[in-house]
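What follows is each chain in one-letter form.
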Amino acid sequence: MQPFHTRKDTGIFYLCGMILLETPSQNWSSYELVDSGNGEKLERFGNFVLRRPEPKALWDKSLSESRWMELCHTSFTPGAGFGKAGKEDSGVWNMHKAMPEQWTVPYLGADKDAGPRFTLRLGLTSFKHVGVFPEQAPNWDFIFRQIISIRGAHARRGEKYSPKVLNLFAYTGAASLAARAAGAQVTHLDSVRQVVTWARNNMELSSLDNIRWIIEDAFKFVVREARRGNVYDAVMLDPPAYGHGPDGERWKLDECLFDMLKACNLILAPKDSFLLLNLYSNGYSAMLADSLVAAAFGTSGERSCGELMLTDRAGRNLPLSVFSRLIR
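One numbering rule holds for all chains: residues counted from 1, following each sequence as written. Where totals are concerned, whole chains, interfaces and linings use all residues; where local detail is concerned, this predicted model gives features only for residues with pLDDT of at least 70, and gives and counts side-chain atom pairs only at 80 or more. Side-chain metrics rest on all non-hydrogen atoms present in the structure, leaving aside hydrogens and water.

Asker: Any chance you could explain the overall build of the protein chain here in plain terms?
Answerer: For the purposes of this entry, the term helix denotes a DSSP run of H or I that reaches at least four residues, the term strand denotes a run of E that reaches at least two, and both are numbered from the N terminus. A count of helical and extended segments in the protein chain gives 7 helices and 19 strands. Each principal axis of the C-alpha distribution contributes one length, and for the protein chain these read about 60 × 50 × 40 Å. Residues classed as buried in the protein chain amount to 53% of the 328 residues present. For the protein chain, the share of sequence-separated contacts (at least 6 apart) that also reach a separation of at least 24 residues comes to 61%. For the area figures, the Shrake-Rupley method with a 1.4 Å probe applies, and any residue is considered shielded solely by the protein chains shown. As displayed, the protein chain offers around 15,000 Å² of accessible surface, 52% of which is attributable to carbon and sulfur atoms. Only four residue types enter the tally: Lys and Arg on the positive side, Asp and Glu on the negative side; His and the chain ends are excluded. All charge positions are set by atom: Lys at NZ, Arg at CZ, Asp at CG, Glu at CD. In the protein chain, 39 positive and 36 negative side-chain charges are present, and the distance between their average locations comes to 3 Å. Summary of the burial criterion: residues with accessible area below 20% of their type's maximum are buried, those above 50% are exposed, and those between are partly exposed, where the area comes from a 1.4 Å probe applied to protein chains only. Residue contacts are counted whenever heavy atoms from the two residues lie within 4.5 Å of one another.

Asker: Please clarify how helix α3 (residues 174-181) should be interpreted in this entry.
Answerer: Side chains of residues three or four places apart in an α-helix project in the same direction, reflecting 3.6 residues per turn. In terms of burial, α3 is a largely internal element, 7 of the 8 residues being buried. Residues of α3 that are buried include every one of A174, A175, S176, L177, A178, A179 and R180, and no others. Taken together, the buried residues of α3 touch β10 (117-123), α2 (137-156), β11 (164-168), β12 (185-190), α4 (193-205) and β14 (234-237). Within two residues after α3, G183 carries a phi angle of roughly 100 degrees, on the positive side.

Asker: I would appreciate a short explanation of the packing of aromatic side chains in the present structure.
Answerer: Two aromatic rings are characterised by how far apart their centres lie and by the angle between their planes. Any pair of Phe, Tyr and Trp rings, taking the six-membered ring for Trp, is counted once the centres come within 6.5 Å. Such a pair is stacked with planes under 30 degrees apart, edge-to-face with planes over 60 apart, and tilted for the rest. Tallying each qualifying case throughout the model produces 12 aromatic pairs. Members of the aromatic cluster, joined through ring pairs, are W28, Y31, F45, Y107, F118 and W140. Its guanidinium or amino end placed over the ring of W68, K61 lies 4.2 Å from that ring's centre, counting from NZ or CZ. Cation placement over rings: the criterion is NZ of Lys or CZ of Arg within 6 Å of the ring centroid and within 35° of the ring normal. Of note, K164 hangs over the ring of Y232, and the distance from its end group to the ring centre comes to 4.9 Å.

Asker: What's the story with the side chain of N139 in this structure? I'm lost.
Answerer: As for its position among the elements, N139 is in helix α2. A relative accessible area of 1% means that N139 is categorised as buried. Ignoring anything within four residues of it in the chain, the contact list for N139 reads L276, N278, L308, F323 and R325.

Asker: I keep staring at the pairing of strand β19 (residues 317-327) and nothing clicks. Help me out?
Answerer: Successive side chains on a regular strand alternate, one facing one side of the sheet and the next facing the other. When you tally the buried positions in β19, you get 8 out of 11 residues, the bulk of the element. Strand direction decides the pairing type here: strand β17 (residues 274-279) and β19, joined by 6 bridges, are antiparallel. The residue bridging L279 from the neighbouring strand is V322, located in β19. Of the strand pairs in this sheet, strand β18 (residues 302-311) and β19 are connected by 10 bridges, and their pairing is antiparallel. Pairing between two strands requires that DSSP report at least two bridges joining them.

Asker: Please explain the packing of helix α5 (residues 218-228) against helix α6 (residues 253-267) as it appears in this structure.
Answerer: A packed helix pair is summarised by two numbers, namely the angle formed by the two axes and the spacing between the axes. Interaxial angle, 0 to 180 degrees, is taken between N-to-C directions of lines fitted to C-alpha atoms, where a helix line uses only the stretch in contact. Where α5 meets α6, the axes come as close as 9 Å, and the angle between the chain directions of the two elements is 35 degrees. Considering the relative orientation of α5 and α6, their crossing is left-handed. Contact with α5, carried on its side by A218, F219, V222, V223, E225 and A226, involves D259, M260, A263, C264, L266 and I267 of α6 and no other residues of that element. When grouped by side-chain class, the residues that make up the contact of α5 with α6 number 10 nonpolar, no polar and 2 charged. Here a crossing is called left-handed whenever its near helix is offset anticlockwise from the far helix by less than a right angle, and right-handed whenever the offset is clockwise. Each residue receives one of three labels: charged for Asp, Glu, Lys and Arg, nonpolar for Ala, Val, Leu, Ile, Met, Phe, Trp, Tyr, Cys and Pro, and polar for the others, Gly being one of them.

Asker: What's the story with the pattern of salt bridges in this structure? I'm lost.
Answerer: Oppositely charged side chains can pair when the atoms bearing their charge come close. Salt bridge criterion: a side-chain nitrogen from Lys or Arg within 4 Å of a carboxyl oxygen from Asp or Glu. By the definition in use, this model includes 20 salt bridges. Across the pair E65 and R51 runs a salt bridge whose closest N-O atoms are separated by 2.9 Å. Residue E65 is located in helix α1 (residues 65-71), and its partner R51 is located in strand β6 (residues 48-53); the two are separated by 14 residues in the primary sequence. Under the relative-accessibility criterion, E65 is labelled partly exposed at 41%. Overall, the relative accessible area of 8% leaves R51 in the buried class. For the salt bridge of K61 with E65, the shortest nitrogen-to-oxygen distance reads 3.4 Å. Within this structure, E40, R51, K61 and E65 form a network of salt bridges that share partners.

Structure (structure tokens):
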């Protein structure tokens, strides 16, 4: 029996019929994992190739060091405190070829005729990120499909309906754009003003509008929405391992995640709705994410879980995050 089989058109793999392994579809030509290994990854975003640390790339590179340097426009060098709590800003970009500090890339979903299309502004930040996590592309496609499905369910009942979506820990907003492109009413929440501004810029670049922007502590907001009796047709959350709200509220994933999920259950509609949980924290597996969702939301509905990964030119799969999805 094969450990997994693949549908290369969609970028979806199935591991023993239980765990989904998903990677961006080949339709998204603006992104490519060129090579990986020795604790690094070499990525192409549009016309520019970046070299960044990647602790999960434990194998040898398939390309030579000279080839990496020949291809890359810029490389990130971590500072002494990089990766330590409170030191996330340590590190510098070293320019090898001319490139702008900010540029844009278009996103085209797995279904090139009907899938999400939007534009993302990228930039070289001091903490190695560029404003997008490309492995999240399968989640964007899932969000788009589910919003279309919810709208269709209402349409069959003769109702014109725009689903209400809450995106928590929403960063620069690709998931918000996918939901808005599908016709949802989107509330985008993050505790960092700068990334909310970045997300608003992405909305404007994508010729979208009417996303509701909130800068607040996610847990406080969800609890207040539950108290008010507000209900959403979709809740998406991508919480960090550690973080702080705008007023210094403390977030620690191990201590806060289950309470957050239970609170989200109070605001998720019981029918024609979905939840999407994504986790990057080391030590969290897809099955653990699935167990947390089952415990917080009950066993009704259809759940799936898996890993998001990138595949380099040599065919090595680089797993980067885990997810759990619930469809009611």
